[in-house]
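Descriptive structure summary
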Amino acid sequence: MTEDQMVNAAAGWLHRREFRVAIGVPFMSQCIDLVYEADGGGLIAVEFKRHDWRRALQQSRTHLLGANRVYICLLPREVSAALTAALNEHGIGLVFYYPDDVQPLVERVSAESPSPSLSFPRLWLRDAFEARCLEGG
Amino acid sequence: MAASNLPVHILRYGIHGEQRYFSELADCYDGIAINGNMLAHTPAALARFVGVRVVDRPFVIDPLTHAFQHDPQRLRRAYQGTLGGEGTALKSSVARMSTRFGEPVQSKAGREALLPEDFADGDLRRDFCHRVIEFQLQTMEEAAADGDYIQYLRYAGIQTMKPAVVIAPYFYMISNTLDHWLDLNIAFISDAVSYDSGLPVYAQLVIHPDILLRQDMSGRLITSYGSARCAGICLWIDELDEHSADAELLRRMAGLIEGLAASGRPVHNVYGGYLSTVLTKFGRLSGLCHGLEYGESRPVLPVGGGVPMARYYFPPLHKRIRYSEVVQILAAKGWNRDASEFHANVCDCETCHEVISGNVENFAMFGGSRAVTFQRAGQTITLNYPLPETRDRCLRHYLHCKRKEFRELQASTKEEVIARLRTGGQEYRSVLGLDAVAFVDAWVDVLDSL
């Protein structure tokens with residue numbers, strides 16, 4: 001199971017549930033693995049890693065500038081105290097990926113909404129999301 | 001400080017598209033460095049640039065002779081013929097340089113690596129050295145003479161387009177090859193001085209940082225270059241990044257500069273950042289060179305080239321950082337609401353005032369980019385390339401900051417500089433992480449040791 005396979009399977013599942021989804025969304029010199037539009041219209045960014053949660057967190061910190069909520073997605077594992085503390089520190093959530101068509105994404109730690117700062121990063125992410133949706137990304 | 005034939009703050013010419021910054025921001029630098037491969041490739045464009053656009057700035061040409069000592073494949077480029085054939089050919093700029101330099105370079109370029117024994121014949125070595133000097137002296141003048149603008153130059157009273165100094169041929173040394181190249185490098189200095197070109201001869205000392213950690217080797221360099229007959233020394237420590245180098249390495253770098261300068265010769269750092277700027281006041285460095293927004297550190301390989309990426313120069317840390325990191329800082333510090341807070345805490349240069357224009361949301365204009373998606377090794381990769389206008393703003397901001405750093409330094413004591421560095425390190429460690437600001441302690445160590 002590669003990260004790309006995880007991302008594609010998760011995107012397909014969200015799409016079947018009629019969420020608007022885009023993968024590989026460029027944002028602030030990075031690329032967000034998956035972005036989808038939540039029921040209320042806010043954008044949810046998800047960064048996938050099979051195991052390396054520190055790297056996932058590092059990349060996700062930038063996503064906080066543009067998304068309404070940010071998650072990292074890992075293969076199921078024990079949630080260490082260090083991981084919990086790091087997630088809480090930044091308000092980033094955690095979902096586990098199960099290779100299961102029924103429900104591949106299961107939330108383990110909920111994400112907080114980042115406090116709004118500058119508005120342009122949110123506009124940039126919205127534009128990039130819409131563009132990727134149009135491209136079918 | 002030893003009197004120098006080179007100015008303190010030198011900008012390295014990177015690509016022709018940057019020419020306008022040299023003329024429009026002429027008060028942000030003192031001199032220009034031009035790489036030999038660039039000169040060989042487009043002599044007329046450079047002659048026009050030097051002759052017409054920035055006539056009042058001294059320039060120096062780096063002959064890049066070290067290019068010929070490495071794996072010769074690095075000097076070749078892949079090509080695809082019109083009839084479907086493919087292969088590699090010597091890069092045209094290298095081919096032109098090698099033609100000008102003559103033997104032993106010409107017959108080996110792109111085929112075999114140049115070795116110290118290739119210069120065993122003293123006459124051949126001297127002739128080579130003289131041609132390298134002539135390349136620096138004549139290439140621009142010849143190109144100017146071929147162009148219509150020679151009339152303009154004469155009208156403007158410009159009789160010569162010679163560099164401020166000439167650089168003797170040089171080769172890169174690592175700790176294991178110092179014994180092989182050192183005597184030859186010193187011999188080239190003597191040959192260059194004996195040639196009597198009418199211009200001061202500078203040595204270019206190019207070393208791997210490992211040499212700094214070997215006291216015996218640094219000592220040999222100080223003795224050898226200290227007794228050489230050159231008028232000055234340009235120092236290039238391979239890929240030494242002042243923001244990430246170990247404190248001990250930086251102290252050794254400052255020590256080498258002290259040792260070389262003790263002979264009374266000016267020493268310039270060929271690729272340096274703010275630490276080097278500080279060493280021009282509190283150490284014995286006579287000057288430094290960097291590119292337009294990049295090039296404060298440079299690996300010896302690849303020779304020349306590289307696509308610069310836009311980043312925002314963050315003045316409190318004297319460092320280019322990712323745009324997203326600046327936005328994170330603005331959000332974390334609450335400087336995203338009031339433009340005056342932005343200018344007080346981040347930057348108050350002309351470019352920032354013009355861009356921000358009373359609204360911090362306009363900081364977006366330093367980050368505009370275009371996403372390009374492509375496939376690499378079966379994976380989809382998306383890179384964000386800065387828009388031309390983004391790069392333009394970042395570059396102008398960078399040069400204004402550099403000018404301010406020099407000016408501010410003139411009015412500062414060492415203690416004030418150290419205090420400002422420490423404040424910056426403390427202020428941003430919680431946002432950027434300790435690794436990103438740990439250089440401050442290393443720099444303070446260096447300054448304390450002076």
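Quick summary incoming for the structure in this document. Every residue gets a number counted from 1 within its own chain, in the order that chain's sequence is written. Chain letters start at A and ligand numbers start at 1, both assigned in the order the entries are written. Confidence filtering applies because this is a predicted model: local features only for residues at pLDDT of at least 70, side-chain atom pairs given and counted only at 80 or more, and all residues used for totals across whole chains, interfaces and linings. Based on all heavy atoms of the structure, the side-chain values leave hydrogens and waters out of the count.

What about the packing of aromatic side chains?
Residues and elements named next belong to chain B. Two aromatic rings, drawn from Phe, Tyr or Trp (for Trp, its six-membered ring), form a pair once their centres lie within 6.5 Å of each other, and the interplanar angle then sorts them: stacked below 30 degrees, edge-to-face above 60, tilted otherwise. On inspection of all chains with the given rule, the structure shows 28 aromatic pairs over all chains. Ring centres of F22 and F49 lie 5.3 Å apart, and the angle between their planes is 80°; this geometry places the pair in the edge-to-face category. Of this pair, F22 sits in helix 1 (residues 19-24) while F49 sits in helix 3 (residues 43-53); the two residues are 27 residues apart in sequence, bridging distant segments of the chain. Only protein chains enter the area calculation, which uses a 1.4 Å probe; residues under 20% of their type maximum are buried, those over 50% are exposed, and those in between are partly exposed. The class of F49 is buried, set by a relative accessible area of 1%. Centre to centre, the rings of Y323 and F363 are 5.2 Å apart; their planes meet at 10°, and the pair counts as stacked. One end of the pair, Y323, is in helix 12 (residues 323-333); the other, F363, is in the loop between helix 14 (350-356) and strand 13 (369-376), and 40 residues separate them in sequence. Accessibility classification places Y323 together with F363 in one group, the buried group. The ring of Y29 carries the charged tip of R57 above its face, separated from the ring centre by 5.2 Å. Sitting above the plane of the Y428 ring, K333 keeps its charged end 5.8 Å from the centroid. Counting from the N terminus, the helices are the DSSP runs of H or I reaching at least four residues and the strands are the DSSP runs of E reaching at least two. We call a charge positioned over a ring when the NZ of a Lys or the CZ of an Arg lies within 6 Å of the ring centre and within 35 degrees of the ring normal.

A few points about the packing of helix 9 (residues 215-227) of chain B against helix 10 (residues 247-261) of chain B
Residue and element names in this part refer to chain B. Note on geometry: axes are C-alpha line fits, over the in-contact stretch for helices, and angles between N-to-C directions span 0 to 180 degrees. It is at 9 Å that the axes of helix 9 and helix 10 come closest, and there the two elements cross at 25°. Viewed along their axes, helix 9 and helix 10 adopt a mutual orientation that is roughly parallel. Of the two elements, helix 9 crosses helix 10, and the hand of that crossing is right-handed. Mapping the contact onto sequence places Q215, S218, L221, I222 and Y225 in helix 9 and R252, G255, L256, G259 and L260 in helix 10. Amino acids outside the nonpolar list (Ala, Val, Leu, Ile, Met, Phe, Trp, Tyr, Cys, Pro) and the charged list (Asp, Glu, Lys, Arg) are all regarded as polar, and Gly is one of them. Its residues placed into classes, the contact of helix 9 with helix 10 shows 5 nonpolar, 4 polar and 1 charged. Throughout this description, any angle smaller than 35 degrees is read as roughly parallel, any larger than 145 degrees as roughly antiparallel, any in the 65 to 115 degree range as roughly perpendicular, and the remainder as oblique. A crossing counts as left-handed when the near helix is turned anticlockwise from the far one by less than a right angle, and as right-handed when that turn is clockwise. It only takes one pair of heavy atoms within 4.5 Å for two residues to be counted as in contact.

A look at helix 11 (residues 274-282) of chain B
The α-helix winds at 3.6 residues per turn, so residues separated by three or four positions along the chain end up facing the same way. Of all 9 residues making up helix 11 of chain B, 7 are buried, and the element is well covered by its neighbours. Restricting attention to buried positions, one finds in helix 11 of chain B the residues B:Y274, B:L275, B:S276, B:T277, B:V278, B:L279 and B:T280.

Here's the deal with the sheet that holds strand 1 (residues 9-13) of chain B
All names here are of chain B. Strand order across the open sheet formed by 8 strands is 3-2-1-10-9-8-7-6, with parallel pairing between neighbours. Each having just a single partner strand, strand 3 (59-62) and strand 6 (166-167) make up the two edges of the open sheet. Criterion used throughout: strands pair if DSSP finds at least two bridges between them. Bridge count between strand 1 and strand 2 (residues 31-35): 4 bridges; the pairing is parallel. Across the sheet, residue L11 finds its bridge partner in strand 2, namely I32.

With respect to the interface of chain B and chain A
Reports of interface size often rely on the accessible area that becomes lost once the parts have come together. Taken together, the contact pairs 18 residues of chain B with 17 residues of chain A. Here the quantity called buried area is the accessible surface, traced with a 1.4 Å probe, that two parts lose on coming together, added over both. Carbon and sulfur atoms supply 59% of the area buried between chain B and chain A, which totals about 1,500 Å² over both sides. By the criterion of area lost to chain A, the three top residues of chain B are B:Q328, B:E361 and B:N384, representing 31% of everything that side buries. Counted as a polar contact is a pair of N or O atoms within 3.5 Å, where, for protein atoms, one must be capable of donating a hydrogen and the other of accepting one, and residues adjacent in sequence contribute only when both atoms are in side chains. Counting the contacts that link chain B with chain A gives 4 residue pairs in polar contact (both at pLDDT 80 or more). Every element with two or more residues in the side of chain B that touches chain A is listed here: helix 12 and strand 14 (379-386) of chain B.

Some words on the side chain of B:T65
Looking at the element boundaries, B:T65 is found in the loop between strand 3 and strand 4 (76-80). Note on B:T65: relative accessible area 0%, which makes it buried.

Points about helix 4 (residues 92-101) of chain B
All names here are of chain B. Those residues of helix 4 not exposed but buried are S93, V94, M97, S98 and F101. The arc that holds every buried residue of helix 4, seen down its axis, measures 130°, which confines them to one face. A positive backbone phi angle near 70° is found at G102, which sits one or two residues after helix 4. To obtain the arc, one takes the directions from the helix axis to the C-beta atoms.

A look at the pattern of salt bridges
All names here are of chain A. What counts as a salt bridge is simple: a side-chain nitrogen of Lys or Arg found within 4 Å of a carboxyl oxygen of Asp or Glu. Counting across every chain of the model gives 28 salt bridges over all chains. Ionic pairing is found between E37 and R126, a salt bridge with its closest N-O pair at 2.8 Å. Residue E37 is found in strand 2 (residues 30-37), and its partner R126 is found in helix 4 (residues 120-135); the two are separated by 89 residues along the sequence. Taking relative accessible area as the criterion, E37 reaches 18% and is therefore assigned buried.

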